[in-house]
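Given next are the chains, with one letter for each unit.
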Amino acid sequence: MRKRLLGKTGIYVSEIGFGGEWLERHPEEESVALMRYANEKGINIIDCWMPDPKSRDIIGKAIKDNRENWYVQGHFGSTWQNGQYVRTREMKYVKPAFEDLLARLQTDYIDFGMIHFVDTVEDWKNLQNSDFLAYVMEMKEKGVIRHIGMSSHNPETAKMAVRSGLIEMLLFSVNPAFDMLPAGQDLDELLSEGYRYEEGLAGINTERAELYQLCEEYGVGITVMKGFAGGRLFDEKRSPFGVRLTPMQCIHYALTRPSVASILCGYDTKEQVDEAVRYETATAEEKDYASVLANAPLHSYKGACTYCGHCKPCAAKLDIAMINKYYDLAAMQPEVPATIRSHYELLEHHASECVSCHACESRCPFGVPIVERMRKAKELFGL
């Protein structure tokens, strides 16, 4: 299992992670065994947003004998009231719920203390100077949580959190359908039955692209939720693109986004764990989302690099996808951010080494003018 650095936390997490929300659907002993099996396969990060006692007890029993082998995302503001989940900022519920999380997980610390489900600008603003945020900071100062994170589906709100410097990592919904979402539409509309993108829609949603850029610039690592768009992407009749993607292709798409360290998949069975972990040995053809998206009838990435790697091999040994990624991230800013420049300079080969053979362009499914982009990257970075 490959490990990736999660932003500036200094922690290396498995690129295939564990989304725990399905655990409560099965007998406790089965779910405990499933988690232990996943850890044996190299999975070392789990998200526990769930406030229900059963889910938390399962995770606690699964990790108690090897706590050091797991990184846990635990949420502030996800509470269990009268037998159901309630998202709240009221401290009379928040504090007992977090104490319950520690008790049921049988641990005295949480690796990533997540500010739960911040999806509106108003909610983010209300959190400032609040008792809620003071409690999160107190837990950080005491070492009860090691790092502060946040979960969100809203790029505008997430950008505010990244810019604030408060969070070190972000749990965010990432998949090609969400990335293509037109400005002004919400995820609920996308997930509704019968939703289709309009013909001629092109390129990634600007706010989402800006969020990825900011995360890279500020060293905020991303763990991915909703990587499969609720399963809609597996069915061409329900997919907003009009074509189907495989789980392997969705995983690869998420893991090729800037700042993404891990995709958290939900599992019911050991076979599903095996299928996700098989990503580590999958062929380029099995991972290939680009050819599918390039031929989708209801949108176009024409001319836009998706960092898929189809352009390989390069005669000059350039990592074209990574050069394009850093160029896109840097070009969105008035000046090249120091962190992105540093990442670019650490590449073994740079855009200035391009020999303009154009062989890469013949392999690109999206018709990206790669040689021209290498020229622009050289001018931008001076290398």
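Before reading further, recall that the structure is shown in the block above.
Residues numbered from 1 in each chain as written. Predicted model: local features only at pLDDT ≥ 70, side-chain atom pairs only at ≥ 80, totals over all residues. Heavy atoms only, no water.

Draft legend 1. Looking closely at the pairing of strand β3 (residues 16-19). Along β3, one buried face is formed by Ile-16 and Phe-18 and the opposite face, lined by Gly-17 and Gly-19, is buried too. Inspection of the sheet shows β3 paired to strand β12 (residues 260-266) by 4 bridges, in the parallel sense. The partner of Gly-17 across the bridge, within β12, is Leu-264. Relative to strand β4 (residues 45-48), β3 runs parallel, the two sharing 2 bridges. Following the sheet pairing, Phe-18 is matched in β4 by Ile-46. (Buried < 20%, exposed > 50% of the residue type's maximum accessible area, 1.4 Å probe, protein only. Helix = DSSP H or I, 4+ residues; strand = E, 2+ residues; numbered from the N terminus. Pairing = 2+ DSSP bridges.)

Draft legend 2. Just the nonpolar core, in detail. Residues Phe-18, Phe-98 and Ile-115 are the most contacted members of the largest nonpolar core, which totals 105 residues. With 7 residues, helix α14 (residues 320-331) is the single largest residue contributor to this core. Those residues within four positions of Phe-98 in sequence are excluded, and the remaining contacts are His-75, Phe-76, Ile-110, Tyr-135, Met-139, Val-144 and Ile-145. Core analysis: the next-biggest nonpolar cluster, separate from the first, contains 11 residues, Leu-6, Ile-11, Val-13 and Met-169 among them. (Core = buried A, V, L, I, M, F, W, Y, C linked by side-chain atoms within 4.5 Å. Contact = heavy atoms within 4.5 Å.)

Draft legend 3. Spatial organisation of the pattern of salt bridges. Counting across every chain of the model gives 20 salt bridges. Of the charged contacts in the structure, one is a salt bridge between Arg-67 and Asp-111, with a shortest N-O distance of 3.0 Å. Placement of Arg-67 in the loop between α2 (53-63) and β5 (71-76) and of Asp-111 in strand β8 (residues 110-115) is noted, with a sequence separation of 44 residues between them. The residues Arg-67 and Asp-111 share a single accessibility class, namely buried. A salt bridge links Glu-207 to Lys-159; its shortest N-O distance comes to 3.9 Å. On the criterion of sequence distance, the pair formed by Glu-207 in helix α9 (residues 206-218) and Lys-159 in helix α6 (residues 155-164) is long-range, its members being 48 residues apart. With relative accessibility at 7%, the residue Lys-159 sits in the buried group. By sharing partners, the salt bridges in this structure join Arg-2, Arg-4, Glu-15 and Glu-280 into a single network. (Salt bridge = Lys/Arg side-chain N within 4 Å of Asp/Glu carboxyl O.)

Draft legend 4. Highlighting the sheet that holds β12. Spatial ordering of the closed barrel is given by β3-β4-β5-β8-β9-β10-β11-β12, a layout of 8 strands whose pairing is parallel. Between one strand and the next, the sheet's axes are offset by a mean angle of 30 degrees, whatever the strand orientation. (Axes fitted to C-alpha atoms, helices over the stretch in contact; angles between N-to-C directions.)

Draft legend 5. Looking closely at the pairing of β8. Of all 6 residues in β8, 6 are buried; the element is thus mostly enclosed. Looking at chain direction, β5 and β8 are connected through 4 bridges and run parallel. Looking at the pairing, Gln-73 lines up with Phe-112 of β8. As paired strands, β8 and strand β9 (residues 145-152) are joined by 5 bridges and run parallel to one another.

Draft legend 6. Highlighting the packing of aromatic side chains. According to the stated counting rule, one finds 9 aromatic pairs in the structure shown. Judged by centre distance (6.2 Å) and plane angle (90 degrees), the ring pair of Phe-98 and Tyr-135 falls under edge-to-face. Here the residue Phe-98 occupies a position in helix α3 (residues 91-104), and Tyr-135 occupies one in helix α5 (residues 131-141), the gap between them amounting to 37 residues. Tyr-135 shares its class with Phe-98; the two are buried. With a centroid separation of 5.2 Å and an interplanar angle of 80 degrees, the aromatic rings of Tyr-253 and Tyr-289 are classed as edge-to-face. On the criterion of sequence distance, the pair formed by Tyr-253 in helix α10 (residues 247-255) and Tyr-289 in the loop between α12 (284-287) and α13 (290-294) is long-range, its members being 36 residues apart. Using a relative accessible area of 1% as the deciding quantity, one classes Tyr-289 as buried. Pairwise contacts between aromatic rings join Phe-76, Phe-98 and Tyr-135 into one cluster. The aromatic ring of Tyr-109 is capped on one face by Arg-146, whose charged end is 3.9 Å from the ring centroid. (Phe/Tyr/Trp six-rings, centres within 6.5 Å; stacked < 30°, edge-to-face > 60°. Lys NZ or Arg CZ within 6 Å of the ring centre and 35° of its normal.)

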